Amino acid sequence: MEPTEYIESENTSDSKVFTLYESHDYICIANGIDSNKEIEKQEGEPLQCIQIDRNTHELSEVTDPLRAQNFLEELRIGTAKQIKINGIIGFVYIYKFLYFCVITKSRNVGCIIPGRDIYFIEKVKFFPVLPKNKKESKEAHNCMKCMKKYFMSGFYYSHNYNLLVSRERFQKLEESEKAMDWSKFDNDYYWNFHMNETKQIPLKWRTIVVQGYFFQQYLSLEGKGTIKLGCLSRRKCKRGGTRLNARGIDDSGYVGNFVETESFIIIDGELKIFTQIRGSIPLFWKQEGLKGAVKFKRDPSNSLKAMKKHFYQLQEEYGPVLMVNLLKETSAREDLLSTNIKKLLHEHIEDIGDISYYHFDFHSNGIKNLFKILEGTKEFINSNKYYSEEIDSGSVTRNQNGVVRTNCMDCLDRTNFSQTKLYLFALQKQLLDSGVDLAGLYGPADYEDDGLPFGQNIRENPLVRSINSFWADNGDFISLQYTGTNSTITRVMKEGKKGFISALNHKYQDVNRFINNNFTDDFKEKCIKMILGLCKYSGPNGSTKGTIDKERLRNFSLSALTWNVGNSDPKKYSTIYDQFPTFSESDIVVVSLQEIIKLSTMNVLRKKNGEAIVNWISVFSTILGEHFILISQKALVGVLVLVFLKKEHSSHLCDVYVTEQKLGFKNSFGNKGAVAIRIGINNTKFCFIGCHLESEATNLKKRVKHVNQLHKEKGFMKDLFDKREISEFSHKKKKFSPFDIFDYVFLTGDLNFRILNSEGIIVKYIEENRLEELQAFDELASLRTHHDYLKKYDEGEIKFKPTYKYQVSSDPPAYDIKKDSLPSYCDRVLYKSNPDISCKRYDSINCTVSDHLPVVADFVLHVDGIDLVEDNSYILEQTQTIEETKVSLSREDSEDEDNQLDFLEIEANYCRLSKTVRPRGPGQGNDRVISCNLDGQWGGTLDIINEEHGEGSKYTSRGSLTLSWLLTKQINKNPSEVQTQLEEEKKDGNSSLSSSSEDVGEQQSDGKSLSESWFEPIPSPSVVAPTQIKLKYEQK
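Within any chain, residue numbers begin from 1 and follow the written order of that chain's sequence. Residues qualify for local features only when their pLDDT is at least 70, as the model is predicted, and side-chain atom pairs are given and counted only at 80 or more; totals for whole chains, interfaces and linings, by contrast, use all residues. Values reported for side chains reflect all heavy atoms of the structure, with hydrogen atoms and water molecules removed beforehand.

Asker: So what's going on with the overall build of the protein? Which residues, and what values?
Answerer: Helix and strand definitions here come from DSSP, where helices need a minimum of 4 consecutive H or I residues and strands a minimum of 2 consecutive E residues; each element is numbered from the N-terminal end. Each helix and strand in the protein was counted, giving 27 helices and 42 strands. For the exposure calls, accessible area comes from a 1.4 Å probe over protein chains only, and a residue counts as buried if that area is under 20% of its type's maximum, exposed if over 50%, partly exposed in between. Among the 1036 residues that make up the protein, the fraction classed as buried is 58%. Throughout, a residue-residue contact means that at least one pair of heavy atoms, one from each residue, lies within 4.5 Å. Contacts spanning at least 24 positions in sequence make up 70% of the contacts within the protein whose residues lie at least 6 apart. For the protein, the accessible surface area stands at approximately 42,700 Å², while carbon and sulfur atoms represent 46% of it. Each accessible area is a Shrake-Rupley result for a 1.4 Å probe, and residues are judged covered by the shown protein chains and nothing else.

Asker: Account for unusual backbone geometry, naming residues and giving values.
Answerer: A cis amide bond links Y804 with the next residue in sequence, K805, at an omega value of 10°. Counting through the fold element by element, K805 comes out in the loop between β31 (793–795) and β32 (827–832). Although it is not a glycine, C411 adopts a positive phi angle of roughly 60°. A relative accessible area of 1% places C411 in the buried class. Phi at E696 is positive, roughly 70°, even though this residue is not glycine.

Asker: Before we move on, can you summarise the sheet that holds strand β7 (residues 81–85) with the specific residues and values?
Answerer: If DSSP finds at least two bridges between two strands, the strands pair. Taken in spatial order, the five strands line up as β6-β5-β2-β1-β7 in an open sheet, and their pairing is antiparallel. At either margin of the open sheet sits one strand with a lone partner, and together these are β6 (59–62) and β7. Looking at each pair of strands side by side, their axes are set apart by 20° on average, direction ignored. Here five bridges tie strand β2 (residues 26–30) to strand β5 (residues 49–53), and the two strands are oriented antiparallel to one another. By the bridge assignment for β5, C28 is matched with Q51. Only the stretch in contact is used when fitting a helix axis, every axis being a line fitted to C-alpha atoms; angles between N-to-C directions are given from 0 to 180 degrees.

Asker: I'd like a rundown of the pattern of salt bridges, residues and numbers included.
Answerer: Criterion for a salt bridge: a side-chain nitrogen of Lys or Arg within 4 Å of a carboxyl oxygen of Asp or Glu. For the structure on display, the rule yields 30 salt bridges. E168 is the salt-bridge partner of K172, the closest N and O atoms lying 3.6 Å from each other. Looking at K172, the relative accessible area reads 51%, which means it is exposed. On the basis of relative accessible area, E168 is assigned to the buried category, the value being 10%. Where D188 meets K236, a salt bridge forms, and the shortest distance between an N and an O atom there is 3.5 Å. Taken together, the positions of D188 in the loop between α4 (175–178) and α5 (193–197) and K236 in the loop between β13 (225–235) and β14 (259–267) put the pair 48 residues apart, joining distant regions of the chain. On the accessibility criterion, D188 (10% relative accessible area) is buried.

Asker: Quick rundown of the packing of helix α10 (residues 413–433) against helix α13 (residues 462–483)? Include the residues and the values.
Answerer: Angle between the axes and distance between the axes: these two values describe a pair of packed helices. Interaxial distance between α10 and α13 falls to 10 Å at its minimum, and their mutual angle equals 140°. By the angle between their axes, α10 is oblique relative to α13. In this structure, α10 meets α13 at a crossing whose hand is right-handed. Counting all contacts with α10, which are made through N416, Q419, T420, K421, Y423, L424, L427 and L431, the residues of α13 involved are L463, V464, I467, N468, W471, A472, N474 and G475. Tallied by class, residues from the contact of α10 with α13 come to nine nonpolar, six polar and one charged. Convention used here: angles under 35 degrees read as roughly parallel, angles over 145 as roughly antiparallel, angles from 65 to 115 as roughly perpendicular, and any remaining angle as oblique. By definition, turning the near helix anticlockwise from the far helix through less than a right angle yields a left-handed crossing, and turning it clockwise yields a right-handed one. Ten residue types, Ala, Val, Leu, Ile, Met, Phe, Trp, Tyr, Cys and Pro, are classed as nonpolar, four, Asp, Glu, Lys and Arg, as charged, and the remainder, Gly among them, as polar.

Asker: Describe in detail the environment of Y93, supporting the description with residues and values.
Answerer: With respect to the helices and strands, Y93 occurs in strand β8 (residues 87–94). Given a relative accessible area of 7%, Y93 falls into the buried group. A sequence separation of 51 residues divides Y93 from M144, and the C-alpha atoms of the two residues are 9.8 Å apart.

Asker: Which residues make up helix α6 (residues 304–318), and what values go with them?
Answerer: Its 15 residues place the ends of α6 21 Å apart at the C-alpha level, agreeing with the 21 Å of an ideal helix rising 1.5 Å per residue. For α6, the set of buried residues is L304, K305, A306, M307, K308, H310, F311, L314, Q315 and Y318. In the segment just after α6, G319 is the residue with positive phi, at about 95°. Here a helix's expected span is defined as the number of its residues, less one, multiplied by 1.5 Å.

Asker: Tell me about the nonpolar core, and name the residues and values.
Answerer: Y156 and I467 are the most contacted members of the largest nonpolar core, which totals 85 residues. It is α10 that contributes the most residues to this core, eight residues altogether. For Y156, the contacting residues outside a window of four places in its chain are V109, I118, Y119, F120, L163, I208, V209, V210, G212, Y213, F214 and F477. Buried Ala, Val, Leu, Ile, Met, Phe, Trp, Tyr and Cys residues that are joined via side-chain atoms within 4.5 Å together make up what is termed a nonpolar core. Of all hydrophobic cores here, the second largest spans 74 residues; its members include I613, L624, V656 and I755.

Asker: Just give me the short version of a positive patch on the surface, but keep the residues and values in it.
Answerer: Patch membership is restricted to residues that have no salt bridge and whose relative accessible area is over 30%. Joining uses 9 Å for like charges and 5 Å for the nonpolar side chains Val, Leu, Ile, Met, Phe, Trp and Tyr. None of His or the chain ends enter the tally, which takes Lys and Arg as positive and Asp and Glu as negative. We put the charge of a Lys on NZ, of an Arg on CZ, of an Asp on CG and of a Glu on CD. The grouping of K81, K123, K125 and K148 at the surface amounts to a positive patch. By secondary structure assignment, the location of K148 is in helix α2 (residues 138–150).

Asker: Outline the packing of aromatic side chains, listing residues and values.
Answerer: Think of it this way: a Phe, Tyr or Trp ring, Trp meaning its six-membered ring, pairs with another when their centres are within 6.5 Å, and the plane angle makes it stacked under 30 degrees, edge-to-face over 60, tilted otherwise. Applying the stated criterion to the full structure yields 33 aromatic pairs. Ring geometry for Y358 and F360: centres 6.3 Å apart, planes at 35°, overall tilted. Neither Y358 nor F360 differs from the other in exposure class; each is buried. An angle of 75° between the planes, with centres 5.0 Å apart, marks the rings of F739 and Y793 as edge-to-face.

Asker: Any chance you could break down the packing of α6 against helix α7 (residues 332–352) for me, citing the residues and the numbers?
Answerer: It is at 11 Å that the axes of α6 and α7 come closest, and there the two elements cross at 60°. As summarised for this structure, α6 and α7 are arranged oblique, according to the angle between their axes. Judged by the twist between their axes, the crossing of α6 over α7 is right-handed. Contacts from L304, M307, K308, F311, Y312 and Q315 of α6 reach α7 at I341, L344, L345, H348, D351 and I352. Counted by class, the contact of α6 with α7 contains eight nonpolar, two polar and two charged residues.

Asker: Before we move on, could you go through the environment of K84 and cite the residues and values that matter?
Answerer: You can see K84 is positioned in strand β7. Note on K84: relative accessible area 52%, which makes it exposed. Distance from K84 to I103, taken between C-alpha atoms, is 9.1 Å for residues 19 residues apart in sequence. Discounting residues that sit within four places of it in the chain, K84 has contacts with V17, F18, I33 and T104.

Asker: Lay out the state of the cysteines with the relevant residues and their values.
Answerer: Structurally, a disulfide amounts to a covalent bond that connects the sulfur atoms of two cysteines. Only a pair of cysteine sulfur atoms within 2.5 Å qualifies as a disulfide here. Applying the stated criterion to the full structure yields zero disulfides. C49 takes part in no disulfide bond, and the closest cysteine sulfur to it belongs to C28, at a distance of 4.0 Å.

Interpretation in functional terms is not warranted from these geometric data alone.
This is the structure in structure tokens:
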């Protein structure tokens, strides 16, 4: 049963041929062949043409044969060059230069249905749509060369076979739908859709191209004669970029490197197809750094909405889905993904639908034991079968009612190998249904030998060798398109074993992937996005705005508040809640606080700010109300920055990172310093810097030095930069700053810049309300005219009096004037100069809790990206009741009836907020906040609120803190008794409360006890929350 040489189908035909004419002013394509004597029309078609004006970029179609003939004759007798082409790919803007791309060489690679041939693109050509006297830029030319190479990496087209959908989906359409314009069906695989739409190429002139792999081969099978088998893979263009740039999922539910593969066999006049899919882990994640560290772009729980969309789409298209995860359990980065996807699926499986999950550790089992993958898949494959139809009549005889979705890290090598084995298992069933028992024909099944349901060695079985060969080539093509290199295990698949050469090839491909990932993929990714119309350089003005429905500008409201609170305890000041605005019109609220604790030597060294952090979070959570969620926080001794986002926008949040910089004594102490938080809203990047600079009027040079330090590319901000963002700017200039990376930068805090004048002048100008004249002596105003970084900031118009220094609790506010502390504008909100932002309010708040007044600024700005629809369904999905999944309550009785323990087992769901409880102000009840550190990174609080419910009280969590717990349980206990007990035990250093946690990630508990009242800042999204937290209290 040796495979024969490649046999062409009897109906194989050459691709259509068109003639392209290129002159100084026009590019013209005719639907005929220029034979020098005349233009030969395509069979059955009248002579027509389309023309592109190189000066105006206008495209027009000439449908009248006589007009077309006359126009073409003018070009033929002129100086126009002509070439034969096989199809039109379309137009693309590259750095404002328009290019026209055509197929100049293609090869017929076979067909699935006779007469409906599929062509492989071998060569393309780009024509600059420019007057001949105008040249393209070097940068645009380099991008064009990259695109040219990319279009020759595995693109296919057909004139009469719909490559955009599977054969099964196509056959399910009504006859009238089959005859419709194919480009209207499914743009997920339509790689040149944007290139066709850019200039609205008429439908009859379009050549739809898909990326992937196609192969067919004829074999002789005993008792059946000649059979044909092969596969067709199509790779989605949605998130279809390069390896490290297109990971995980997007808000529309599309995942990176999604490939649908139809493995087919034609036997006894029947076409049988087994369809499989692959795709990246459906979470918001990425890899970066030389070691490829996994980082979550959003908290895993915030992937739920997108993940649901993904699985809903799969079920609508394929039916039931079996997700096979091949990731390595002993790899920290891979297990991080496995743990979180498994957790989400387990918690929400009822909402997601008919999804099954099977984890098969490819590396632990090894290639020799790969047959074990069937233990968790063969039942699903047998029950959902395969698709079949009669070749002659097209009559469908069977449908496949489900699909296996396989993934590893890249969905390449391990995935391709595993999918090959799954297809061999399905093939055995297909052949058995056609009367061919391979096990009986070639001997009993022997899984241990080669992991196949055939008794022969893999190298001696021609059928198996042929299938493994084209599946290995399939893996090479998909890998080449995603990583720029072939698969690392091609030789293993073809040879059936891993030898020295295979190992050497594996290392060689690993090195190539490393080079591509770190040096070439970013440029290639930009070119791919231009092809797809997703790059800012792919429009006529160098922008895509207005060309893509989802890419639009939206007004967004942001409020920034800065306040040096002077070590004040907010629980002592009930007026705070009434003095601050509710910020109800804002979408984002940034709170920048300084001196949240006393900056004593002991506090600076021990960083005892946990209780203060909890208190201030509580204050602003109460002020903002339940419509906001705390998405990030970062503290450095006395500096605290909080970022709140309206719930309705939570699904658009991404890329949350934090960093800090000590500025006290040789950058070693945090009495002075800064923290910064980066967030993304769709494609828009924000950076919020909160700082406390050197005090005293004589320390201007130190303040300037600190500002420089905070903005240099190698300073503390580097932790907020993505390496691809850095590479994009570093090739243009040697130095860059946050202004180059972020769309919006906000510098807030007690900057400590002073008014340089005498006490008499300052007081006089304030009393006479001559504030504009007073600002002429402001240090910061002077620096902003020439300082390298400060000149890049704008500031709202200052119409309020200096915010420092006031008498604490004075009403009305009164200055505390001393020689070394004259009134000054210490507290400021600066923002990066940007035409897309405007300051609508800039004012102080008359709150004298400390010697500084709070300063607030309101902005309206533009957010670029997906339309921000008010969708609360995602939030509602997170606020479940206790009886569902969040909390289980059990009671254990000890031998002493008077000493009973209640255990609250709380499952943290890795989201910032489920529910906000608005506490009462001071003096209205015995409120007590207990904070604990759960695993060294994550913290949480329980509020014991004296709120009567019959005989007991209501225990609930304050939802605005890091972990969102929804606790509601009536118990027979007086909260005031618990409060007293805790306070007494805290004094003694002993507590009856204890905490424990099981961490699913790499972070381990640092052993801090609950009684330490410790609360850590929110970590970066790469840290995983504990799956279970137990808090116990002892009843006295």
